[in-house]
Amino acid sequence: MTDPETERAARLLDAQAKAESLFQEVTDRGMIRAGVTERELSNEIRDLAADMFGVTRHWHKRIVRAGENTLETYRANPPDRVIADDEIAFLDFGPIFEEWEADFGRTFVLGDDPAKHALAQALPVIWAAGREYFRTTPDMTGAQLFDHVVALSEDAGFIFGGQIAGHLVGEFHYVFGVADSARSSVAARDRAIHRPAGFRRATSQFGRPRARSTAMQAVRSSTW
């Protein structure tokens, strides 16, 4: 019989791999382009996910943000805008694969602006360092992880632009109840991180550094 924790980790990693394949296809098809609106691009990626994997549900709202809209928080709903040349953009999607959540984001740069490219290149490094801290410090609080990711961003030369530094993912719907949902977020408030059974090995997507460039006056990435 398969250990439940091992099965949970395997299913989450499978969902993550499928989401990564989806985003790679988005890149290969050149879908991130100038002249299309954020909403149009979101719908195109939604349809691609359905064609590739039969995805019909997303556990959080699909986000495509570019230019000044990258400064908005997750909860905001800025006006739809046309993606322009020489902009930075990010995608944040939460497709559900066979009842398991993925939460995947990527930052894309249109044009040759070196400051934007420097930010995009720094994000996966910051994210990996934050994840390693999460894995090796099991008793930390959410505030400690938040502060650590902020420090990593500042050490790389950026101003941290997010209200949270990430959250846990799991089986749809959440494995924790409504009363516990706040504890899945990594925020500045000092509280222990709630790790239900299975999360110690399954949270490969612990969170997403959201940084903004001092040179560019702000850009944020969903994952990197």
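Whatever comes next refers back to the structure up there.
Anyway, here's the lowdown on the structure attached to this text. As the structure is a computational prediction, the values presented were derived from the model and not from experiment.

### Some details on the nonpolar core
One finds Val 26, Ile 32, Leu 41, Ile 45, Ile 83 and Leu 91 to be the most contacted residues of the largest nonpolar core, which totals 26 residues. Where this core is concerned, the elements lending two or more residues are helix H1 (4-28), helix H2 (38-53), strand S1 (63-66), strand S2 (88-93) and strand S5 (104-109). Broken down by element, the residue count for this core peaks at six residues, all from H1. Ranked by size, the runner-up nonpolar core spans eight residues in total, among them Leu 145, Val 150, Phe 160 and Ala 165.

### Focus on unusual backbone geometry
Despite not being glycine, Asp 86 shows a phi value in the positive range, around 60°. In this fold, Asp 86 is placed in the loop between S1 and S2. The exposure class of Asp 86 is partly exposed, given its relative accessible area of 39%.

### Quick word on empty space enclosed by the protein
For the structure shown, the criterion picks out two cavities of 30 Å³ or more. A volume near 30 Å³ is recorded for the second largest cavity. Residue lining of the second largest cavity: Arg 11, Asp 14, Ala 15, Lys 18, Phe 97, Glu 98 and Trp 100, and that is the complete set.

### Focus: the pattern of salt bridges
One pass over the full model with this rule turns up ten salt bridges. Residue Glu 7 pairs with Arg 11 through a salt bridge whose shortest N-O separation is 3.7 Å. Of this pair, Glu 7 and Arg 11 both sit in helix H1, four residues apart, which is roughly one turn of that helix. Residue classification places Glu 7 among the partly exposed positions, given a relative accessible area of 33%. The partner of Asp 80 in a salt bridge is Arg 39, and the shortest N-O contact between them spans 3.3 Å. Here Asp 80 is found in the loop between S1 and S2, whereas its partner Arg 39 is found in helix H2, with 41 residues between them in sequence. Classification of Asp 80 as partly exposed rests on a relative accessible area of 32%. What emerges from the salt-bridge pattern is a single network uniting Glu 7, Arg 11 and Glu 98.

### Quick notes on the sheet that holds S2
Sheet architecture is open: three strands sit in the order S1-S2-S5, paired in antiparallel fashion. The sheet terminates laterally at S1 and S5, the two strands that pair on one side only. Taken pair by pair, the neighbouring strands of this sheet meet at an average axis angle of 10°, ignoring direction. Both S2 and S5 contribute to a ladder of six bridges, which runs antiparallel. By the bridge assignment for S5, Leu 91 is matched with Arg 106. In the packing of H1 onto the sheet, contacts are made with S2 and S5, and the angle to S5 comes to roughly 20°.

Conventions we followed
- Residues numbered from 1 in each chain as written.
- Predicted model: local features only at pLDDT ≥ 70, side-chain atom pairs only at ≥ 80, totals over all residues.
- Heavy atoms only, no water.
- Core = buried A, V, L, I, M, F, W, Y, C linked by side-chain atoms within 4.5 Å.
- Buried < 20%, exposed > 50% of the residue type's maximum accessible area, 1.4 Å probe, protein only.
- Helix = DSSP H or I, 4+ residues; strand = E, 2+ residues; numbered from the N terminus.
- 1 Å grid on protein atoms, 1.4 Å probe; cavity = no way out; pocket = protein on both sides within 12 Å on 5 of 7 lines; lining within 4 Å.
- Points joined across faces, edges and corners; volume = space filled by probe spheres on them.
- Salt bridge = Lys/Arg side-chain N within 4 Å of Asp/Glu carboxyl O.
- Pairing = 2+ DSSP bridges.
- Axes fitted to C-alpha atoms, helices over the stretch in contact; angles between N-to-C directions.
- Contact = heavy atoms within 4.5 Å.

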